[in-house]
Amino acid sequence: MNRALILVNITGLIIGISYGLHGPILPVFAKNVIGASYSELGLIGLANFIPYMFIPLFVGILLDKFNNGYLLALGAAINSASIYLLSIAQSVPEIMGFRIMTGVAHAFFWPPCESIISKESSEKDRVRNISWFTMFFVLGFMIGPLLGTVFLEELDITYRILFQVTAFILATAIITALLVSRKNVKDHHEKFSFSSIKEMKKFPEVIILLIFCTSSFGIILSIYPAFLNDNGMSDTDILLLYFAFGVSRVVSLALAGKFSRHTSKTLIAATIAVSLGLAISVVSDSIIIYGVALVLMGFGFSIFFPLTLEIILSKTRKGISGKIIGAYETVFGIGWAIGPTIGGPITQSFGDQAPYLVFFIIGIGVTILAILSRKKLEPKRIQRI
């Protein structure tokens, strides 16, 4: 593995730790300290994900024009500032404003990393290298909750201090991103265009699967921790559950190279796993059962990412890979925004178990679509032009 890939993986690990350290606690902080309702938790999640509906498309254009390492460093700087500002938030609108910043920052994190990995990898190694990068991020997301339990339980710090500590940890990613920039000199400049939108239209089945997966993921990130808290899970229980969630994701990503040999079958299994995890959440009454649900969803959410990206990259021109990655991440943003937007009001109106039942039913339909579209869910196995 070359130096650029190592630095990108280290950057992913650092940012993953910061996300795991504060992410599962933020909904609990908003509900218990700020007094947010479930609808407001949905709005906070929406604020975080809305920028990801648009910004990655523009970042994708920038990726083919500017040094990807500099864009990555910019994202780390904005992200660090946005999390630090959470420590002074006094109202739901303030949290929403700071989460908008986080959403913008995330658009300058994931697409540049994917672009660097794509450019530094052969077609044979691309799935493996993207999976390893994602695994390092998820490994950090798994370590973060464990650190959170130490800070909250052993050191007895407040939520606000936790956000400040998280911000300083994340800021160290600026250094590794700048080191990546030294290995990422642009040797060509693509013409400014939105051709990637037309390219993405060629993959309707992949888009539908992605939107279901990311919508469900958005609910698990923005509303599920508060749901667990209302169903008797303590802060430590929630962090441990998200640790198990992270373990499942790391193991899944470590095996992604093998799973890629049977892409369509794996994607079908992933939709089934997510749907079952959502259904189990409806009937769960213990930390063990919630753990089973999160382990199933961890597999589904994680394996979707490298396999669907490979399907799209393998069937598009290499010269517009940056734009394609930006358009792909925009689809992620749309799904992430849909989840909290629907999940919050459904919870407020019909009860805290309702959104998981609704998305379970949707998951059944998406699984049937995946089965019927098996041939279209296989990557192109020949060299791209």
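Computed from a predicted model, the values in this text were never measured in an experiment.

Draft legend 1. Inspection of the overall build of the chain at higher detail. Secondary structure assignment for the chain yields 19 helices and zero strands. Computed over its C-alpha atoms, the radius of gyration of the chain comes to 19 Å, within 12% of the 21 Å expected for a compact globule of 385 residues. Seen through its principal axes, the chain has C-alpha atoms that stretch 55 × 45 × 30 Å. Here the chain, with 385 residues, has 59% of them falling under the buried criterion. For the chain, the share of sequence-separated contacts (at least 6 apart) that also reach a separation of at least 24 residues comes to 87%. Total accessible area on the chain is roughly 14,500 Å²; 69% of this is exposed by carbon and sulfur atoms. Between the mean site of the 30 positive side-chain charges and the mean site of the 22 negative ones, the chain shows a separation of 15 Å.

Draft legend 2. The arrangement of the nonpolar core in detail. By size, the foremost hydrophobic cluster in this structure holds 116 residues, and its most contacted members are Ile220, Tyr224, Leu228, Met297 and Tyr356. Considering every element that reaches this core, the biggest residue donor is helix α17 (residues 287–314), with 14 residues.

Draft legend 3. Expanded view of the packing of helix α12 (residues 204–222) against helix α19 (residues 354–372). Running from amino to carboxyl end, α12 crosses α19 at an angle of 160°, the nearest separation of the two axes being 10 Å. Classed by the angle they form, the pair α12 and α19 counts as roughly antiparallel. In the crossing of α12 with α19, the sense of the turn from one axis to the other is left-handed. Facing Ile208, Leu209, Phe212, Ser215, Ser216, Ile219 and Ile220 of α12, the residues of α19 in contact are Pro355, Tyr356, Phe359, Ile362, Gly363, Val366, Leu369 and Ala370. Its residues assigned to classes, the contact of α12 with α19 comprises twelve nonpolar, three polar and no charged.

Draft legend 4. Inspection of the packing of α12 against helix α16 (residues 263–283) at higher detail. Between α12 and α16, whose axes approach to 11 Å, the crossing angle comes to 30°. With respect to each other, α12 and α16 are oriented roughly parallel. The handedness of the crossing between α12 and α16 comes out as left-handed. Contact with α12, carried on its side by Leu209, Phe212 and Ser216, involves Leu267, Thr271, Val274, Ser275 and Leu278 of α16 and no other residues of that element. Of the residues in the contact of α12 with α16, the class split is five nonpolar, three polar and no charged.

Draft legend 5. Quick peek at the environment of Arg374. Counting through the fold element by element, Arg374 comes out in the segment after α19. Judged by its relative accessible area of 44%, Arg374 is partly exposed. Once the C-alpha coordinates of Arg374 and Thr263 are considered, the two residues, 111 residues apart in sequence, prove to be 8.8 Å apart. When residues no more than four places from it in sequence are discounted, the contact partners of Arg374 are Ser264 and Ile268. A distance of 2.8 Å separates a polar atom in the side chain of Arg374 from the backbone oxygen of Ile371.

Cut-off values and rules
- All residue numbers refer to positions counted from 1 along the written sequence of the respective chain.
- Only residues with pLDDT of 70 or above have their local features reported here, since the model is predicted, and side-chain atom pairs are shown and tallied only from 80 upward, although totals for entire chains, interfaces and linings are computed over all residues.
- Water and hydrogen atoms were dropped before computing side-chain values, which therefore reflect all heavy atoms in the structure.
- Per the convention used, a helix needs a DSSP run of H or I reaching at least four residues, while a strand needs a run of E reaching at least two, with both numbered from the N terminus.
- Here the globule rule reads 2.2 Å times residues to the power 0.38, and the radius of gyration is calculated from C-alpha atoms.
- The classification of residues rests on relative accessible area computed with a 1.4 Å probe and restricted to protein chains. Under 20% of the type maximum is buried, over 50% is exposed, and intermediate values are partly exposed.
- The contact definition used throughout considers only heavy atoms, calling two residues in contact when any of these lie within 4.5 Å.
- Accessible surface is estimated by sampling points in the Shrake-Rupley manner with a 1.4 Å probe; for residues, cover comes only from the protein chains shown.
- Neither His nor the chain termini are counted; the positive set is Lys and Arg, and the negative set is Asp and Glu.
- Just so you know, the charge point we use is NZ for Lys, CZ for Arg, CG for Asp and CD for Glu.
- Here, nonpolar core refers to any group of buried Ala, Val, Leu, Ile, Met, Phe, Trp, Tyr and Cys residues whose side-chain atoms link them within 4.5 Å.
- To obtain an axis, a line is fitted to C-alpha atoms, over the contacting stretch when the element is a helix, and the angle between two such axes runs from 0 to 180 degrees between their N-to-C directions.
- By the definition adopted for this analysis, an angle is roughly parallel if under 35 degrees, roughly antiparallel if over 145, roughly perpendicular if from 65 to 115, and oblique otherwise.
- For any helix crossing, the convention is left-handed if the near helix is rotated counterclockwise from the far helix by under a right angle, and right-handed if that rotation is clockwise.
- Amino acids outside the nonpolar list (Ala, Val, Leu, Ile, Met, Phe, Trp, Tyr, Cys, Pro) and the charged list (Asp, Glu, Lys, Arg) are all regarded as polar, and Gly is one of them.
- Residues adjacent in sequence count toward polar contacts only when both atoms are side-chain atoms; beyond that, a polar contact is any pair of N or O atoms within 3.5 Å, and within protein one must be able to donate a hydrogen and the other to accept it.

Honestly, that's just the spatial picture; any functional story needs more than this.
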